[in-house]
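Per-entry structural report
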Amino acid sequence: MSDPVTIIANWLEGLLLGWGLSPLLATIILNAIGILVMAALLLVLDIFLVWVERKVVARFQDRLGPNRLGPYGLIQPIADVIKLLIKEDITPRGADRLVYNLAPILTLATVLLLWAVIPIMPNVVGTDLNVGILYLVAVGAIATLAIIMAGWSSNNKYALLGAFRTVAQMISYEVPMVIALLIPVLLARSMGVSDIVYSQEVWYILVAPAAALIFLISSIAEIGRAPFDLVEAESEIVAGFHIEYTGMKFGLFYAGELLHALTIGALFAALFLGGWSGPGVQAVPVLGVFYLLIKAFFIYWVIMWIKYSLPRIRIDHMLNFNWKFLTPLALVLLLATAIADKALEGSTTVVYILVMLGLNIVLVLGALALARGYASKERQRVGEPKPVARPPQPTVIEQS
Amino acid sequence: MIPLSWYLIFAAALFSIGLFAVLARRNAIVILMGIELMLNAVNINLVAFWRYVNPELIAGQVFAVMVFAVAAAEVAVALAIFISIYRRRRSVSADEIDLMKW
Amino acid sequence: MTPVQILFILVAAVTLGAALMVVNARNLVHAALWLIVSFGGVAVFYAMLNAGFLAVAQVVIYIGAIAILMIFAIMMTRNVAGDSSPRFNSSQIIGLVLALALFAGLVWMTLSWSGATTTPMPLDSRADPISQLGSALVSPDGYVLAFELASILLLGALVGALMIAWDRK
Amino acid sequence: MQTEQWLYIGVFLVLAPLLPAAAILIPRLIAPRKPNKIKQDTYECGMETVGETWIQFRVQYYIFALVFLIFDVELVFLYPWAVAFDVLPMFAVLEGVLFVAILIAGLVYAWRKGALEWR
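Residues numbered from 1 in each chain as written. Chains lettered and ligands numbered in written order. Predicted model: local features only at pLDDT ≥ 70, side-chain atom pairs only at ≥ 80, totals over all residues. Heavy atoms only, no water.

Counting its secondary structure elements, chain C contains six helices and zero strands. Secondary structure elements of chain C occur, N-terminal to C-terminal, as α-α-α-α-α-α. At 21 Å, chain C has a C-alpha radius of gyration far larger than the 15 Å of a compact globule built from 169 residues. With the principal axes as the frame, chain C shows a C-alpha extent of 60 × 45 × 25 Å. Taking all 169 residues of chain C together, 51% fall into the buried category. Across chain C, the fraction of contacts at a sequence separation of at least 24, relative to all contacts at a separation of at least 6, is 49%. (Helix = DSSP H or I, 4+ residues; strand = E, 2+ residues; numbered from the N terminus. Rg over C-alpha atoms; globule rule 2.2 N^0.38 Å. Buried < 20%, exposed > 50% of the residue type's maximum accessible area, 1.4 Å probe, protein only. Contact = heavy atoms within 4.5 Å.)

If you want it as structure tokens, here you go:
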């Protein structure tokens with residue numbers, strides 16, 4: 001066994017039990033230590049993400065990015081954190097103090113909570129909950145709530161408006177996301193995230209590429225990144241639900257968004273890219289962390305790529321895209337996957353993958369063709385000359 | 001371990017609080033919240049009996065799931081009615097919505 | 001007292017306290033937030049009763065959907081002058097007496113019932129309750145009728161609520 | 001086994017808010033605190049705020065939340081069905097398909113009614 005986490009955990013458990021603690025208390029302390037270590041590592045990673053984000057953006061926009069503090073500007077995020085820590089914290093008048101302070105805490109806490117069920121290497125997972133996938137959805141629901149709390153308690157019209165828009169967007173895009181999450185559950189016959197990773201002899205991105213795509217799109221909308229960042233449409237509602245937050249409280253929202261994006265990457269990796277699996281992982285389990293992080297950062301990079309390439313979508317287009325394209329497509333995909341999976345019972349793996357892949361491609365192409373037809377009609381409709389209101393002609397007054 | 005009676009008494013308390021909300025509050029939305037509390041109390045009972053009496057038979061959980069569905073449907077329709085009434089009468093106070101009283 | 005019992009009492013106190021705050025709150029958004037705390041407490045009880053699926057379903061459905069719908073409805077029906085009007089109606093004393101009587105009656109019945117002191121049956125560690133639930137929901141000798149009826153009920157609720165709330169302009 | 005899993009989630013639920021809470025508490029100690037009236041004003045692009053903040057909203061938000069609620073509940077029902085997929089016969093799979101079909105009917109209704117348009 002070359003699995004340091006298990007070895008350390010066993011050693012610690014033996015130590016704690018040796019002190020004469022009850023097994024229950026020992027388990028709780030052990031869990032708490034594990035959680036604190038993981039959360040601390042995640043938060044450090046989060047600070048580092050600020051640097052990654054700024055550097056990658058700069059590259060996309062043909063700039064250099066932070067390059068003054070330390071090598072490649074690596075110390076820049078630390079300076080940012082110090083700045084946030086020593087900023088004055090302003091609470092707007094009329095704010096609902098408790099709710100106002102609770103909202104940013106909840107935002108970051110829910111992102112940390114997501115990591116409870118993500119397996120990070122073979123046999124090492126926070127807990128292998130047998131309802132893992134639904135747990136992720138449930139935690140997401142609490143995140144939605146945190147946004148309502150932030151917007152409502154700020155005592156600001158823009159904040160409330162922004163919060164309502166965000167929530168309308170988040171709950172709308174939660175529907176295709178829940179459907180897309182159902183497909184790996186169906187393929188693996190389990191809601192446990194570890195089980196899903198273990199059952200991926202072939203990565204699910206090959207068996208259910210459309211579900212993967214829908215999950216990615218709806219996740220981007222869920223964290224409110226461009227092109228779905230209407231919520232912070234600076235020109236209309238200033239900054240959205242966190243307009244009144246200053247200093248570290250704003251920092252928590254920002255950190256939550258960045259860490260959430262990486263978490264989406266890790267989830268995507270676990271559900272569709274085989275999680276920690278990779279060559280040599282059975283012999284050296286620690287490699288699993290490495291593989292998972294590589295996959296997660298790749299997806300994170302894709303999310304950034306999308307963010308800095310596409311313009312912001314209009315709100316009606318965004319909701320139409322969700323309800324009239326993504327959701328029906330996801331539902332049909334679910335039906336097709338369910339029936340095909342049952343019908344293909346007993347066939348060889350190669351046939352199974354080929355049929356599933358073909359099915360996905362046909363469905364997505366069909367949906368795109370329908371959308372294209374609709375789009376050309378819509379373009380014609382928009383292109384037609386509209387009745388124009390003419391300004392009243394100034395009557396020429398004859399000078400006599 | 002926890003005896004079954006603890007769950008039953010907890011559920012009874014939750015149900016009574018919900019009932020009080022339904023009987024005494026004026027705002028219709030709070031009345032709806034009271035109904036939700038009552039449904040939750042019922043669900044606790046269903047699941048507690050499933051766990052303590054016959055965990056092999058899944059019926060208790062199935063019923064609880066059905067209660068979820070009924071609660072969701074009820075909330076959706078009730079809130080739609082309240083919004084509609086509010087639009088016409090500018091109030092969701094249950095005392096003032098008495099058009100259908102004889 | 002075992003740790004589990006202490007946990008039970010803590011969660012029960014929080015849940016019931018939150019429920020009381022729902023009844024008592026003047027601000028409707030606060031009432032909704034307290035209601036969410038109360039729902040969360042019930043979810044903890046489901047987890048303690050080994051009904052993990054119901055625990056997460058409770059959070060997803062009640063906190064994630066129903067509570068948010070309620071907050072939206074509160075925002076839409078807020079009477080600007082209504083906040084100062086009394087919270088309780090004229091029959092609050094009767095309501096209080098009835099609720100207390102019901103509670104006393106239920107407690108008395110529970111305590112006088114011999115089956116109330118049973119401890120939980122051992123769970124079959126091999127059985128997967130979620131899989132059991134899934135097959136019970138769609139098997140013909142299970143609850144398939146209720147399952148499909150639930151779907152129809154929700155469809156009906158969707159259609160009805162849209163009819164009522166949606167004003168065609 | 002299952003109890004231990006939930007114990008872990010419980011400990012996590014207690015600990016997860018602590019770190020962000022600490023991050024908020026540190027500025028209390030080291031950051032300056034000089035509140036004044038102008039600073040605490042609600043930020044509305046420099047204008048004086050007019051009227052109540054907790055304004056009334058359009059019904060469209062409620063419609064989206066409503067459709068979401070119905071879908072959410074139905075989809076949660078489908079999860080046990082997907083987990084039990086191995087033991088289900090084709091007939092039971094079709095039961096689930098019928099369930100989803102009813103769901104699609106609801107979506108089509110809302111669509112035709114124009115409730116999904118953002119106006």
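Attention now moves to the pattern of salt bridges. Pairing between side chains of opposite charge can happen when their charged atoms approach one another. All told, the structure shown has eight salt bridges over all chains when counted by the stated rule. For A:Glu345, the salt bridge goes to A:Lys342, with nearest N and O atoms at 3.2 Å. Residue classification places A:Glu345 among the partly exposed positions, given a relative accessible area of 48%. In this structure, the salt-bridge partner of A:Arg381 is A:Glu378, at a minimum N-O distance of 2.8 Å. Of the two residues, A:Arg381 and A:Glu378 are both situated in helix α14 (residues 349–383); the distance of three residues between them amounts to about one turn of the helix. The class of A:Arg381 is exposed, set by a relative accessible area of 52%. Several salt bridges share partner residues, and in doing so they unite A:Arg189, A:Asp341 and D:Asp86 into one network. (Salt bridge = Lys/Arg side-chain N within 4 Å of Asp/Glu carboxyl O.)

Let us now look at the arrangement of the chains. Contact analysis covers five pairs of chains in contact, and the most contacts occur between chains B and C. For chain A and chain B, which are not in contact, the least C-alpha distance works out to 14 Å.

So, on to the nonpolar core. Within the largest apolar cluster, 281 residues are counted, with the highest numbers of intra-cluster contacts made by A:Tyr135, B:Tyr7, B:Leu79, C:Phe53, D:Tyr62, D:Tyr79 and D:Trp81. Examining the composition of this core, we find that 22 residues originate from one element, helix α3 (residues 52–76) of chain C, more than from any other. (Core = buried A, V, L, I, M, F, W, Y, C linked by side-chain atoms within 4.5 Å.)

Between chain B and chain D, the contact holds 11 residues from the first and eight residues from the second. Carbon and sulfur atoms supply 79% of the area that chain B and chain D bury against each other, a total of about 740 Å² over both sides. In terms of surface lost to chain D, no three residues of chain B exceed B:Ala72, B:Ala76 and B:Ile83, which account for 44% of the buried area on that side. Counting the contacts that link chain B with chain D gives two residue pairs in polar contact (both at pLDDT 80 or more). Residue composition of the side of chain B that touches chain D, by class: nine nonpolar, no polar and two charged. (Buried area = accessible area lost by both parts, 1.4 Å probe. Polar contact = N/O pair within 3.5 Å; in protein donor to acceptor, adjacent residues only side chain to side chain. Nonpolar A, V, L, I, M, F, W, Y, C, P; charged D, E, K, R; others polar.)

What follows deals with the packing of aromatic side chains. For the structure shown, the criterion picks out 34 aromatic pairs over all chains. Considering the side-chain rings of A:Phe215 and A:Phe272, the 6.0 Å spacing of their centres and the 45° angle between planes classify their relative orientation as tilted. Of this pair, A:Phe215 sits in helix α9 (residues 209–222) while A:Phe272 sits in helix α11 (residues 247–272), placing them 57 residues apart in sequence. In terms of burial, A:Phe215 and A:Phe272 fall into one category: buried. With a centroid separation of 4.2 Å and 10° between ring planes, the pair formed by C:Phe147 and D:Phe99 is classed as stacked. On the criterion of chain membership, the pair formed by C:Phe147 in helix α6 (residues 144–165) and D:Phe99 in helix α4 (residues 90–112) is interchain, its members lying in two chains. Chaining the aromatic ring pairs together yields one cluster made of B:Trp6, B:Tyr7, B:Phe10, B:Tyr52, C:Phe8 and C:Phe45. (Phe/Tyr/Trp six-rings, centres within 6.5 Å; stacked < 30°, edge-to-face > 60°.)

This paragraph deals with the interface of chain C and chain B. In this assembly, 84 residues from chain C lie in contact with 72 residues from chain B. Between chain C and chain B the total buried area reaches about 7100 Å² when both faces are included, carbon and sulfur atoms providing 77% of it. Area buried by chain C at its contact with chain B is led by C:Phe8, C:Leu49 and C:Thr77, which between them contribute 9% of it. Counting across the chain C and chain B interface gives six residue pairs in polar contact (both at pLDDT 80 or more).

Looking now at the side chain of C:Ser38. Of note, C:Ser38 is situated in helix α2 (residues 28–48). You can call C:Ser38 buried: its relative accessible area is 1%. Once you skip the residues sitting within four places of it in the chain, C:Ser38 turns out to touch B:Leu14, B:Leu37, C:Thr15, C:Ala18 and C:Ala19.

So, about the confidence of the model for chain A. Note that predicted coordinates carrying low pLDDT should not be read in detail. The predicted model of chain A averages 85 in pLDDT, with 95% of residues at 70 or higher. α9(A) holds the highest mean pLDDT among the elements of chain A, 92, whereas helix α10 (residues 234–237) of chain A holds the lowest, 56. (pLDDT = per-residue confidence, 0-100.)

On to helix α3 (residues 76–85) of chain A. Three- or four-residue spacings in an α-helix give side chains the same orientation, since the helix completes a turn every 3.6 residues. For α3(A), every residue scored as buried is listed here: A:Gln76, A:Pro77, A:Asp80, A:Leu84 and A:Leu85. Among the structural elements, α2 (23–60) and α11 of chain A together with α2 (18–30) of chain D are those in contact with the buried residues of α3(A).

What follows covers the packing of helix α1 (residues 4–24) of chain B against helix α4 (residues 92–112) of chain C. Between α1(B) and α4(C), the shortest axis-to-axis distance is 9 Å and the interhelical angle comes to 165°. Regarding the angle of α1(B) to α4(C), the classification is roughly antiparallel. Between α1(B) and α4(C) lies a crossing whose hand is right-handed. Taking contact as the criterion, the partners of B:Ser5, B:Leu8, B:Ile9, B:Ala12, B:Ala13, B:Phe15, B:Ser16, B:Leu19, B:Phe20, B:Leu23 and B:Ala24 in α1(B) are, on α4(C), C:Gln92, C:Gly95, C:Leu96, C:Leu98, C:Ala99, C:Leu102, C:Phe103, C:Leu106, C:Val107, C:Thr110 and C:Leu111. Counted by class, the contact of α1(B) with α4(C) contains 17 nonpolar, five polar and no charged residues. (Axes fitted to C-alpha atoms, helices over the stretch in contact; angles between N-to-C directions. Parallel < 35°, antiparallel > 145°, perpendicular 65-115°, else oblique. Left-handed = near helix turned anticlockwise from the far one by under 90°.)

We now examine the side chain of C:Gln58. Examined against the element boundaries, C:Gln58 turns out to sit in helix α3. When near neighbours in sequence (up to four residues on either side) are disregarded, C:Gln58 contacts B:Asn40, B:Phe68, C:Phe39, C:Val42, C:Ala43, C:Tyr46 and C:Ile63.

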